[in-house]
Amino acid sequence: MTDSKSTKQLSTLTFIGMTCALVASVRNIPDVAATGWTMLFYMLVAVLFYAFPISLISGEFAGMFPQKGGPELWVSQSLGRKWGFVVSWLLWVQMFPGMVMVASALAPLFGNMVNNVPLGLNRIVNSHYS
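So, here's what we can say about the structure. Please read all numbers here as calculations on a predicted model, not as lab measurements. Per chain, residue numbering runs from 1 following the sequence as it is written. Residues qualify for local features only when their pLDDT is at least 70, as the model is predicted, and side-chain atom pairs are given and counted only at 80 or more; totals for whole chains, interfaces and linings, by contrast, use all residues. As a rule here, side-chain values cover all heavy atoms of the structure and leave hydrogens and water aside.

**Points about the packing of helix 5 (residues 81–104) against helix 6 (residues 106–113)**
Here an axis means a line fitted to C-alpha atoms, over the contact stretch when the element is a helix, while the angle between two N-to-C directions is reported on a 0 to 180 degree scale. In DSSP terms, a helix is any run of H or I states spanning at least four residues, a strand is any run of E spanning at least two, and both are numbered starting from the N terminus. Running from N to C, helix 5 and helix 6 point in directions that differ by 20°, and their axes come no closer than 5 Å. As the angle between them shows, helix 5 and helix 6 are arranged roughly parallel. Along the contact surface, helix 5 presents Val102, Ala103 and Ser104, while helix 6 presents Leu106, Ala107 and Pro108. Residue polarity follows a fixed list, in which Ala, Val, Leu, Ile, Met, Phe, Trp, Tyr, Cys and Pro are nonpolar, Asp, Glu, Lys and Arg are charged, and the others, Gly among them, are polar. Of the residues that constitute the contact of helix 5 with helix 6, the class distribution is five nonpolar, one polar and no charged. Roughly parallel means an angle under 35 degrees; roughly antiparallel, over 145; roughly perpendicular, 65 to 115; everything else is oblique. Here, two residues are considered to be in contact whenever any of their heavy atoms come within 4.5 Å of each other.

**Description of the packing of aromatic side chains**
Given two aromatic rings, their pairing is described by the distance between the two centres and the angle made by the two planes. For this analysis, a ring pair means two rings from Phe, Tyr or Trp (six-membered ring only for Trp) whose centres lie within 6.5 Å, classed as stacked if their planes differ by under 30 degrees, edge-to-face if by over 60, and tilted for the remaining angles. What the rule picks out here adds up to three aromatic pairs. Considering the side-chain rings of Phe61 and Phe65, the 6.4 Å spacing of their centres and the 25° angle between planes classify their relative orientation as stacked. Exposure classes here rest on a 1.4 Å probe applied to the protein chains alone. A residue is buried below 20% of its type maximum, exposed above 50%, and partly exposed in between. Judged by relative accessible area, Phe61 falls into the partly exposed class, the value being 28%. Between Phe61 and Trp74 the ring centres are 5.5 Å apart and the planes differ by 25°, which places this aromatic pair in the stacked class. Placement of Phe61 in helix 3 (residues 37–64) and of Trp74 in helix 4 (residues 70–79) is noted, with a sequence separation of 13 residues between them. Classification of Trp74 by relative accessible area gives buried; the value is 14%. Among the aromatic residues, ring-to-ring pairing joins Phe61, Phe65 and Trp74 into one connected group.

**Some words on a nonpolar patch on the surface**
For patch building, the residue pool is restricted to those with more than 30% relative accessible area and no salt bridge; the joining distance is 9 Å between like charges and 5 Å between nonpolar side chains (Val, Leu, Ile, Met, Phe, Trp, Tyr). For the accessible areas, the method is Shrake-Rupley and the probe is 1.4 Å, while residue cover comes only from the protein chains on display. Salt-bridge detection follows one rule: a side-chain nitrogen of Lys or Arg within 4 Å of a carboxyl oxygen of Asp or Glu. Residues Phe85, Trp89, Leu90 and Val93 make up a contiguous nonpolar surface patch of about 450 Å² in total accessible area. Its place among the elements puts Val93 in helix 5.

**Describing the packing of helix 4 against helix 5**
The geometry of helix 4 relative to helix 5 is characterised by a closest axis approach of 7 Å and an angle of 155° between their N-to-C directions. Judged by the angle between their axes, helix 4 and helix 5 are roughly antiparallel. Remark: the crossing between helix 4 and helix 5 carries right-handed chirality. Across the interface between the two elements, Pro71, Glu72, Val75, Ser76 and Leu79 of helix 4 pack against Arg81, Trp83, Gly84, Val87, Ser88 and Leu91 of helix 5. Note on convention: near helix rotated counterclockwise from far helix by under a right angle means a left-handed crossing. Clockwise means right-handed.

Quick look at the structure:
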(Lines give C-alpha, C1' and ligand atoms only; values in the text may rest on other atoms or scores of the structure.)
Protein backbone atom coordinates (compact mmCIF):
# COMPACT_ATOMS: atom_id res chain seq x y z
CA MET A 1 0.00 0.00 0.00
CA THR A 2 1.46 3.37 -0.96
CA ASP A 3 1.22 6.54 1.05
CA SER A 4 -1.37 8.90 -0.42
CA LYS A 5 1.15 11.77 -0.27
CA SER A 6 3.54 9.95 -2.62
CA THR A 7 0.83 9.03 -5.14
CA LYS A 8 0.85 11.18 -8.25
CA GLN A 9 -2.25 11.98 -10.24
CA LEU A 10 -2.43 12.29 -14.02
CA SER A 11 -4.49 15.15 -15.33
CA THR A 12 -6.82 14.55 -18.26
CA LEU A 13 -4.71 16.80 -20.48
CA THR A 14 -1.52 14.87 -19.60
CA PHE A 15 -3.27 11.56 -20.30
CA ILE A 16 -4.51 12.82 -23.68
CA GLY A 17 -0.98 14.01 -24.52
CA MET A 18 0.55 10.65 -23.56
CA THR A 19 -2.01 8.80 -25.67
CA CYS A 20 -1.36 11.05 -28.66
CA ALA A 21 2.40 10.55 -28.25
CA LEU A 22 1.93 6.76 -28.34
CA VAL A 23 -0.39 6.77 -31.35
CA ALA A 24 0.92 9.65 -33.45
CA SER A 25 4.21 9.36 -35.27
CA VAL A 26 6.48 11.88 -36.94
CA ARG A 27 6.41 9.68 -40.03
CA ASN A 28 2.65 10.13 -40.39
CA ILE A 29 2.83 13.90 -40.86
CA PRO A 30 3.72 13.79 -44.61
CA ASP A 31 0.87 11.34 -45.28
CA VAL A 32 -1.59 13.56 -43.45
CA ALA A 33 -0.34 16.63 -45.32
CA ALA A 34 -0.59 14.87 -48.70
CA THR A 35 -4.18 13.78 -48.18
CA GLY A 36 -5.31 17.05 -46.64
CA TRP A 37 -8.67 17.44 -44.94
CA THR A 38 -9.82 13.96 -45.94
CA MET A 39 -7.33 12.40 -43.52
CA LEU A 40 -8.65 14.56 -40.68
CA PHE A 41 -12.13 13.14 -41.35
CA TYR A 42 -10.78 9.57 -41.18
CA MET A 43 -8.89 10.38 -37.98
CA LEU A 44 -12.08 11.72 -36.42
CA VAL A 45 -13.97 8.57 -37.46
CA ALA A 46 -11.19 6.41 -35.94
CA VAL A 47 -11.36 8.33 -32.68
CA LEU A 48 -15.15 8.15 -32.45
CA PHE A 49 -15.57 4.50 -33.43
CA TYR A 50 -12.35 2.97 -32.06
CA ALA A 51 -10.47 5.08 -29.51
CA PHE A 52 -13.52 6.35 -27.61
CA PRO A 53 -15.12 2.91 -27.06
CA ILE A 54 -11.73 1.44 -26.11
CA SER A 55 -11.23 4.22 -23.55
CA LEU A 56 -14.68 3.55 -22.07
CA ILE A 57 -13.93 -0.18 -21.84
CA SER A 58 -10.53 0.49 -20.24
CA GLY A 59 -12.10 2.87 -17.74
CA GLU A 60 -14.72 0.28 -16.80
CA PHE A 61 -12.10 -2.44 -16.30
CA ALA A 62 -9.85 -0.10 -14.30
CA GLY A 63 -12.80 0.64 -12.01
CA MET A 64 -13.62 -3.06 -11.61
CA PHE A 65 -9.99 -4.12 -10.98
CA PRO A 66 -8.24 -1.25 -9.15
CA GLN A 67 -5.06 -3.28 -8.52
CA LYS A 68 -1.92 -2.66 -10.55
CA GLY A 69 -1.61 -4.80 -13.66
CA GLY A 70 -3.68 -3.29 -16.47
CA PRO A 71 -4.90 -5.50 -19.31
CA GLU A 72 -2.96 -8.56 -18.13
CA LEU A 73 -4.65 -8.39 -14.71
CA TRP A 74 -8.09 -7.77 -16.24
CA VAL A 75 -7.87 -10.76 -18.56
CA SER A 76 -6.18 -13.00 -15.95
CA GLN A 77 -8.96 -12.44 -13.45
CA SER A 78 -11.68 -12.72 -16.11
CA LEU A 79 -10.50 -15.59 -18.31
CA GLY A 80 -7.60 -17.20 -16.44
CA ARG A 81 -3.82 -16.96 -16.17
CA LYS A 82 -3.17 -18.51 -19.60
CA TRP A 83 -5.11 -15.78 -21.40
CA GLY A 84 -3.57 -13.11 -19.15
CA PHE A 85 -0.15 -14.28 -20.32
CA VAL A 86 -1.33 -14.22 -23.95
CA VAL A 87 -2.47 -10.61 -23.55
CA SER A 88 0.81 -9.65 -21.91
CA TRP A 89 2.80 -11.36 -24.66
CA LEU A 90 0.77 -9.75 -27.45
CA LEU A 91 1.20 -6.30 -25.92
CA TRP A 92 4.97 -6.76 -25.77
CA VAL A 93 5.17 -8.19 -29.29
CA GLN A 94 3.14 -5.26 -30.62
CA MET A 95 5.01 -2.58 -28.66
CA PHE A 96 8.56 -3.64 -29.51
CA PRO A 97 8.34 -3.08 -33.29
CA GLY A 98 6.24 0.02 -32.68
CA MET A 99 8.90 1.61 -30.48
CA VAL A 100 11.64 0.64 -32.96
CA MET A 101 9.70 2.43 -35.69
CA VAL A 102 9.29 5.51 -33.48
CA ALA A 103 13.02 5.45 -32.71
CA SER A 104 13.82 5.22 -36.43
CA ALA A 105 12.20 8.62 -36.89
CA LEU A 106 14.54 10.26 -34.38
CA ALA A 107 17.67 10.38 -36.58
CA PRO A 108 16.03 12.30 -39.47
CA LEU A 109 14.25 14.53 -36.96
CA PHE A 110 17.51 15.31 -35.17
CA GLY A 111 19.31 15.81 -38.50
CA ASN A 112 16.75 18.38 -39.59
CA MET A 113 16.84 20.01 -36.18
CA VAL A 114 20.59 20.65 -36.37
CA ASN A 115 20.37 21.51 -40.09
CA ASN A 116 22.25 18.36 -41.12
CA VAL A 117 19.86 16.40 -43.37
CA PRO A 118 22.52 13.84 -44.47
CA LEU A 119 22.78 12.73 -40.82
CA GLY A 120 19.21 11.46 -40.98
CA LEU A 121 19.88 9.69 -44.27
CA ASN A 122 23.08 8.03 -42.99
CA ARG A 123 22.66 4.22 -43.06
CA ILE A 124 24.68 3.78 -39.86
CA VAL A 125 22.61 6.27 -37.86
CA ASN A 126 19.23 5.33 -39.31
CA SER A 127 18.57 1.66 -40.04
CA HIS A 128 15.29 2.58 -41.80
CA TYR A 129 17.21 3.32 -45.02
CA SER A 130 19.47 0.26 -45.01
